[in-house]
Amino acid sequence: MGEEMRGGCFCGSIRYAVTSRPKLRAQCHCRACQYFSGGGPNYYMLISPQHIHFSGDPARKYRNPEKPDAVTRSFCGTCGTHLITERPGLREIVLKVGTLDEPGAFRGPKIAIFCEEKQDWHMIPEGITTFDTLPSSN
Ligand SMILES: [Zn+2]
Ligand SMILES: [Zn+2]
């Protein structure tokens, strides 16, 4: 359990523990993420579903009913913190880095996705791999 990371929503109603290293560390510039992040990219890690354990209140979920391939986003029903996204066809859970008790454990993104939707003032760290939309392996 040496790799365990803990986190939760802003008010503490939802808590989680992650029991493995992330499969990927990334930032997403898509227009939807800009709504939930406050305007910047969303920073996230991919975690295998069997390696994240939730406790506390059940999350509220939102999925755009008009998009057949829409992601499902989970929020705290009390404070509104966005915790995870589940994407159809993607086995891993997309975990929002800002919900970690120690966000420094993220250590920065390796890739940037949906760069075709980024704002001119979004920052992409030098030397990381960028994708116009999703990496083709997804
Ligand atoms: Zn909360
Ligand atoms: Zn996004």
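The structure under discussion appears in the preceding block.
What this report covers is the structure whose coordinates are included nearby. (Residues numbered from 1 in each chain as written. Chains lettered and ligands numbered in written order. Predicted model: local features only at pLDDT ≥ 70, side-chain atom pairs only at ≥ 80, totals over all residues. Heavy atoms only, no water.)

**As for the coordination of the zinc ion (ligand 1)**
Taken together, C9 (SG), C11 (SG), C76 (SG) and C79 (SG) make up the full set of protein donors to the zinc ion (ligand 1), lying 2.3 to 2.4 Å away. Coordination geometry of the zinc ion (ligand 1): the four donor atoms subtend angles of 106 to 114 degrees at the metal centre, consistent with an arrangement described as tetrahedral. Judged by relative accessible area, C79 falls into the partly exposed class, the value being 30%. (Donors = N, O, S within 2.8 Å, 3.2 Å for Na, K, Ca; no water. Tetrahedral: all angles 85-135°; square planar, octahedral: opposite > 155°, others 65-115°. Buried < 20%, exposed > 50% of the residue type's maximum accessible area, 1.4 Å probe, protein only.)

**Regarding the sheet that holds strand β5 (residues 52-56)**
Pairing in this open sheet of three strands is antiparallel, and the strands run β1-β2-β5 from one edge to the other. At either end of the open sheet lies a strand with only one pairing partner, and these are β1 (5-8) and β5. Shown here is a sheet whose adjacent strand axes are inclined to one another by a mean of 20 degrees, direction ignored. Note that strand β2 (residues 14-18) and β5 share five bridges and pair antiparallel. Of the residues in β5, the one forming a bridge with A17 is H53. (Pairing = 2+ DSSP bridges. Helix = DSSP H or I, 4+ residues; strand = E, 2+ residues; numbered from the N terminus. Axes fitted to C-alpha atoms, helices over the stretch in contact; angles between N-to-C directions.)

**Brief notes about the pairing of strand β7 (residues 72-75)**
Going residue by residue along β7, you find T72 and S74 tucked away on one face and R73 and F75 tucked away on the opposite face as well. In terms of strand pairing, strand β6 (residues 60-63) meets β7 through four bridges, oriented antiparallel. Its bridge partner being in β7, R63 is matched across the sheet by T72. Bridge analysis of β7 against strand β8 (residues 82-86) gives four bridges, and the strand direction is antiparallel.

The quantities given are spatial measurements derived from coordinates; they are silent on function.
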